[in-house]
Amino acid sequence: MSTDTPPTGPPPPPFGPGQHLLGVGQLDRGSLGGLLDLAESLRPVGRGEQVCRVLTGANLGSLFFEPSTRTRLSFESAFHRLGGSVVSTTGFTFSSMAKGESIHDTARVVSGYSDALVVRHPDTGSVARFAEASVVPVINAGDGSGEHPSQSLLDVFTMRAELAARGKSIDGATIAVLGDLRYGRTVHSLLAILGLFDEVDFRVFGPPALALPVEFFDLVRASGNSIVECDSVQEAIAPADVIYCTRVQKERLSEEDEQEVHLEGDLLNRAILDEAAGPESVIMHPLPRDSRHDSFDLSPDVDEWPGLAIFRQTDNGLLIRMAIFSVALGVADRVLEDLRPAPWLTTR
Amino acid sequence: MSTDTPPTGPPPPPFGPGQHLLGVGQLDRGSLGGLLDLAESLRPVGRGEQVCRVLTGANLGSLFFEPSTRTRLSFESAFHRLGGSVVSTTGFTFSSMAKGESIHDTARVVSGYSDALVVRHPDTGSVARFAEASVVPVINAGDGSGEHPSQSLLDVFTMRAELAARGKSIDGATIAVLGDLRYGRTVHSLLAILGLFDEVDFRVFGPPALALPVEFFDLVRASGNSIVECDSVQEAIAPADVIYCTRVQKERLSEEDEQEVHLEGDLLNRAILDEAAGPESVIMHPLPRDSRHDSFDLSPDVDEWPGLAIFRQTDNGLLIRMAIFSVALGVADRVLEDLRPAPWLTTR
Amino acid sequence: MSTDTPPTGPPPPPFGPGQHLLGVGQLDRGSLGGLLDLAESLRPVGRGEQVCRVLTGANLGSLFFEPSTRTRLSFESAFHRLGGSVVSTTGFTFSSMAKGESIHDTARVVSGYSDALVVRHPDTGSVARFAEASVVPVINAGDGSGEHPSQSLLDVFTMRAELAARGKSIDGATIAVLGDLRYGRTVHSLLAILGLFDEVDFRVFGPPALALPVEFFDLVRASGNSIVECDSVQEAIAPADVIYCTRVQKERLSEEDEQEVHLEGDLLNRAILDEAAGPESVIMHPLPRDSRHDSFDLSPDVDEWPGLAIFRQTDNGLLIRMAIFSVALGVADRVLEDLRPAPWLTTR
């Protein structure tokens, strides 16, 4: 059985109560705004200052067919924070699938144990096939080079919150995007979802061998936003409200790519920021970043930069995932009624 | 230390509050009926429509010394559904046992953390030895070619429910059993536990090299039921109320067996059903089934058959495991008093 | 990046609400006494006779960078017993760290998901570095040859409880310490923490190649207690109130050591006890013990000895870990107000 063929059939319906979340294309500007507002309201729960128990008795199946520790922990923590329990598989394989079980059977069986599933799989389209057989909502936690919608949503959520704190909004913002523009799934998804906003100016810079594929220039322009390719990091970041950095995933480069790329030094460091960036610039990164010397990533020497938002960004992932579960399980309205103060000490 | 010797001593006492569940021999027709009735009452909890919190504060230790993902998830979900929490080990080894720790010490230590244990182990009899040293009830989740009582119980539960929905009962039913009759633990356990019922007619068919051992013919007849060996699938299923299929576990065949068996095509498919089976026939399978071409298993082309019960059967596993925990922890009576509606949306 | 350099900077502050627990040096006699009293009050919760829900809604991150199944299960069960939920990683590696992520980033990210972290790591000092970047309290569950404070605390707790049951106290007790005195982290920590008590007489015996390093003789004497090296097990245990045995961790011996050590027979068995020990002697062991023949460990033939406390000792680990979490999260006072009877049957 080939597991790498995208599913056929109509695109998934809009995301809402009882629905799977397979990709950000299921959201429009209205439903996206509602989801982000809900995530914002859950901030005290994410910080352990308030307790929410609306999903007490609900059970999440967390199925990771490839390892992604932080994504798994974030999803599982989010379900716990709403009061639910989690059963989890963390291995590379599913013991029954080695015995010839189809994705259909596996999905149907394990969906019978839970009220929702989170599924990560290395093959593009396999999470959608999984969802077809599931009797409960499936949240896509990444399927190879396909979608990873909660990552895109936490990026937009962070951008909105950081810009709002500086009296700005995503509409009208200038956003520099740096790093691997060719293979970076996160970058591609970000450009797509920001098509829901108006008058966004993108300024992109990456090594020539990792340049942004032409269809993404077309995508941005078709949505009414603008995009320019820059010749240096400095040129990209100078007018930027937000600087979005990404790691070059060397494990995805071909040998030919590697010879061409010659990555040395830092993608971005404090000296470059001091030279070129505005003092209010927000720095984002989907993490993990490669902090080793000469890794061509965001240098740890930027960690004192006032606009560094990379850890608030990962913290926000918990809030977005709580919001996703709340919507999928139809309890978005009840969640806020159920909040109560946490009795323990918080140190954040 | 040999770990493959069955434990000596008297057979385990009848299953009830505070007792281990090591094998189905611990149940008689009365206690079996009570357990199945309890499982039936928990159906809305298993479907996520009602919430039960009677085990809030209780902790389950889930110890899988060999992988069995679906069995583990089903047991852990069942404990969660009753309100309890779970600690879990999913690896092949227990790090302390590699340092020369005895099963006795391991069992005594980990039983001290929990209110109940679920144990899966590749060696026959090892779960019973584990139970001897445990200070809390141990549920056997499969010990090699030994027992796997929750599987047998969910099979009987499903048979009872499916037959009842068709105005029939297990007493007086005709049951075809197909596939690997020689090594299939599930088949052997099913024949044994159905000895508690009356006037059951078994019709068995498998490849000659995988025929049912003679002692199981004797066992069925000693219980007052009847059994015939058939020459074809068609002959076996024609008068059957229930068709119970099993996968040939090729990993258990010797080389000699493999040469003799020549398995090709399907064990059962839609064409055979249309030719030979009654339209009300219930199809069961312990899963996983091998859905690959020529796997000599239940073909996916039967999935539209009205009596296909294989997914209801796996869903029922959750209910049976909730019932088992409720009995072992002495809360069977309280469980039903504690039910309340779930606040979230269910899509089943 | 070298991960084996201890962190620089001041020693960690005294253990209390909102603080990390990195080593037993953070406790003085007063705070130690309070922690042990709290653990004692939680005994009915540890035995599943009472339920505590004070941490309902709190989330623990359980991060084991090397396997230690029983320690992990004990910590996770303790958090559950207080009402909290747990997210857990059990593998040898953290998938993002393989991509060049620093301990700082990993710690900061995962601490954002939880209200407390338990961290086990093979490198000395790495848990302290982890704690520096965490936004929530970190409990050290063992860092190589460094600290494992919950083990030391459960040892002292057990000693106090066992001696109290015999009308004695740690002050004024005679304690034999047997086994690997050279590499045994548990022994070194025990000698250090018992420096908080008065008039303790230590009698130590181990194979010559595994003798106690001279600095520990100095440490004991500097704290005002006394210590003698004995020539035989019999000489060490004869006047002892407590006999603390340890396993020789053969995996830590050099080849030279192994040639010198010649370990045969038992470290301690029933015949030696009957010959030399007082009938009230308490036997302790941090477990696991190596129960194989000629393992030079505590023989299983002592299991009927009236003072055998090794399983009470491991049970006590759950109580100590509940007490540690209660203090770190600032709910020590609330825990006891929140107890209620458990509705299920207990068999202990």
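All values reported here derive from a predicted model rather than from experimental measurement.

1. Some details on the overall build of chain A
Here is step 1 of the chain: The helix and strand inventory of chain A stands at 13 helices and eleven strands.
Here is step 2 of the chain: In terms of overall dimensions, chain A is globule-like: its C-alpha atoms have a radius of gyration of 20 Å, near the 20 Å expected for 348 residues.
Here is step 3 of the chain: Counting only C-alpha atoms, chain A reaches 55 × 50 × 40 Å along its principal axes.
Here is step 4 of the chain: The burial tally for chain A puts 55% of its 348 residues in the buried class.
Here is step 5 of the chain: Considering only contacts within chain A whose residues lie at least 6 apart along the sequence, 78% involve residues at least 24 apart.

2. Structural notes on the interface of chain A and chain B
Here is step 1 of the chain: The interface of chain A with chain B comprises 34 residues on the first partner and 31 residues on the second.
Here is step 2 of the chain: Listing elements by their share of the side of chain A that touches chain B, those giving two or more residues are β2 (59-64), β3 (85-89) and α4 (103-111) of chain A.
Here is step 3 of the chain: Taken together, the residues of the side of chain A that touches chain B sort by class into 14 nonpolar, 14 polar and six charged.

3. With respect to the sheet that holds strand β6 (residues 174-178) of chain C
Residues and elements named next belong to chain C.
Here is step 1 of the chain: Taken in spatial order, the five strands of this open sheet run β8-β7-β6-β9-β10, and their pairing is parallel. Taken across any chain shown, the strands that pair with only one partner, and hence form the sheet edges, are β8 (226-229) and β10 (282-284). With direction set aside, neighbouring strand axes in the sheet form an average angle of 20°.

4. Notes on unusual backbone geometry
In terms of backbone geometry, most residues other than glycine have negative phi values and most peptide bonds are trans.
Residues and elements named next belong to chain A.
Here is step 1 of the chain: The omega torsion across L287 and P288 is 0°, close enough to zero to call that bond cis.
Here is step 2 of the chain: Although it is not a glycine, E199 adopts a positive phi angle of roughly 55°.
Here is step 3 of the chain: Note that E199 resides in the loop between α7 (185-193) and β7 (201-205).

5. Focus on the relation of the copies chain C and chain A
Here the second copy of the chain follows from the first by a rotation about an axis and a shift along it.
Here is step 1 of the chain: Rotating chain C by 120° and moving it 0.0 Å along the rotation axis overlays it on chain A with an RMSD of 0.0 Å. What the superposition gives is, in effect, a three-fold axis relating one chain to the other. If distances are taken from each C-alpha of chain C to the rotation axis, the shortest is found for C:S85, at 4.5 Å.

6. Here we look at the packing of helix α6 (residues 149-164) of chain B against helix α12 (residues 310-328) of chain B
The geometry of a pair of packed helices is captured by two quantities: the angle between their axes and the separation between those axes.
Residue and element names in this part refer to chain B.
Here is step 1 of the chain: The interhelical angle for the contact between α6 and α12, taken along N-to-C directions, is 115°, at an axis separation of 8 Å. α6 and α12 meet at a crossing whose hand is right-handed. Seen from α6, the contacting residues are S150, L153, L154, F157 and T158; seen from α12, they are R312, Q313, N316, G317, I320, R321 and I324.
Here is step 2 of the chain: Class assignment for the residues of the contact of α6 with α12 results in five nonpolar, five polar and two charged.

7. Examining helix α5 (residues 126-133) of chain B
Residues and elements named next belong to chain B.
Here is step 1 of the chain: Buried residues dominate α5, accounting for six of its eight residues.
Here is step 2 of the chain: Among all positions of α5, only S126, V127, A128, R129, F130 and A131 are buried.
Here is step 3 of the chain: Its buried side turned inward, α5 meets α4 (103-111), β4 (116-121) and β5 (138-143).

8. Details of the pairing of strand β9 (residues 242-245) of chain A
Residue and element names in this part refer to chain A.
Here is step 1 of the chain: Here β9 shows two buried faces, one formed by V242 and Y244 and the other by I243 and C245.
Here is step 2 of the chain: As paired elements, strand β6 (residues 174-178) and β9 share four bridges and run parallel to each other. What sits directly across from I175, in β9, is V242.
Here is step 3 of the chain: Note that β9 and strand β10 (residues 282-284) share three bridges and pair parallel. Bridge pairing in β10 links I243 to I283.

9. Things to note about the interface of chain C and chain A
Here is step 1 of the chain: Every contact between the two is made by 34 residues of chain C and, on the other side, 31 residues of chain A.
Here is step 2 of the chain: Mapped by element, the contributors of at least two residues to the side of chain C that touches chain A are β2 (59-64), β3 (85-89) and α4 (103-111) of chain C.
Here is step 3 of the chain: Considered class by class, the residues forming the side of chain C that touches chain A number 14 nonpolar, 14 polar and six charged.

10. Notes on helix α1 (residues 29-41) of chain B
Residue and element names in this part refer to chain B.
Here is step 1 of the chain: With 13 residues, α1 extends 18 Å between its outermost C-alpha atoms, agreeing within 8% with the 18 Å of an ideal straight helix rising 1.5 Å per residue.
Here is step 2 of the chain: Regarding α1, the residues found buried are L32, L35, L36, L38 and A39. Buried residues in α1, looked at end-on, bunch into an arc of 160°, giving them a common side. Exposed and oriented more than 90 degrees from the buried face of α1 are R29 and G30.
Here is step 3 of the chain: At its buried positions, α1 is contacted by α6, α12 and α13 (332-337).

11. A word on the sheet that holds strand β4 (residues 116-121) of chain C
All names here are of chain C.
Here is step 1 of the chain: Spatial strand order, β3-β2-β4-β5: four strands in an open sheet with parallel pairing. The sheet terminates laterally at β3 and β5 (138-143), the two strands that pair on one side only. Looking at each pair of strands side by side, their axes are set apart by 15° on average, direction ignored.

12. With respect to the confidence of the model for chain A
Here is step 1 of the chain: When the pLDDT values of chain A are averaged, the result is 92; 93% of them are 70 or greater.
Here is step 2 of the chain: For residues 1-5 of chain A, every residue scores under 50 in pLDDT, and the model assigns this stretch seven contacts once sequence neighbours within four places are set aside.

13. As for the domain arrangement of chain A
Residue and element names in this part refer to chain A.
Here is step 1 of the chain: If you check the domain split of chain A, you get domain 1 (24-147 + 318-340) and domain 2 (150-311).
Here is step 2 of the chain: Using C-alpha coordinates to define each centre, domain 1 is positioned 27 Å away from domain 2.
Here is step 3 of the chain: With 13 residues of domain 1 at the interface, the matching set in domain 2 holds twelve residues.
Here is step 4 of the chain: When residues of the side of domain 1 that touches domain 2 are traced back to their parent elements, those giving at least two are α1 (29-41) and α12 (310-328).

14. Section: the environment of B:I324
Here is step 1 of the chain: With respect to the secondary-structure elements, B:I324 resides in helix α12.
Here is step 2 of the chain: Setting aside residues up to four positions removed in sequence, B:I324 forms contacts with B:L21, B:I139 and B:S150.

15. Focus on the pairing of β2(A)
Residue and element names in this part refer to chain A.
Here is step 1 of the chain: Summarising burial for β2: six of the six residues are buried, a large majority.
Here is step 2 of the chain: Of the two faces of β2, the one carrying N59, G61 and L63 and the one carrying L60, S62 and F64 are both buried.
Here is step 3 of the chain: Here five bridges tie β2 to β3, and the two strands are oriented parallel to one another. Each bridged residue has a counterpart across the sheet, and for N59 the counterpart in β3 is S85.

Rules of the game
- Residues numbered from 1 in each chain as written.
- Chains lettered and ligands numbered in written order.
- Predicted model: local features only at pLDDT ≥ 70, side-chain atom pairs only at ≥ 80, totals over all residues.
- Helix = DSSP H or I, 4+ residues; strand = E, 2+ residues; numbered from the N terminus.
- Rg over C-alpha atoms; globule rule 2.2 N^0.38 Å.
- Buried ≥ 20, exposed ≤ 12 C-beta atoms within 10 Å, placed from the backbone.
- Contact = placed C-beta atoms within 7 Å.
- Nonpolar A, V, L, I, M, F, W, Y, C, P; charged D, E, K, R; others polar.
- Pairing = 2+ DSSP bridges.
- Axes fitted to C-alpha atoms, helices over the stretch in contact; angles between N-to-C directions.
- Least-squares fit on C-alpha atoms with pLDDT ≥ 70 in both.
- Left-handed = near helix turned anticlockwise from the far one by under 90°.
- Expected span 1.5 Å × (residues − 1).
- Arc of directions from axis to C-beta.
- pLDDT = per-residue confidence, 0-100.
- Domains from an automatic or database assignment.

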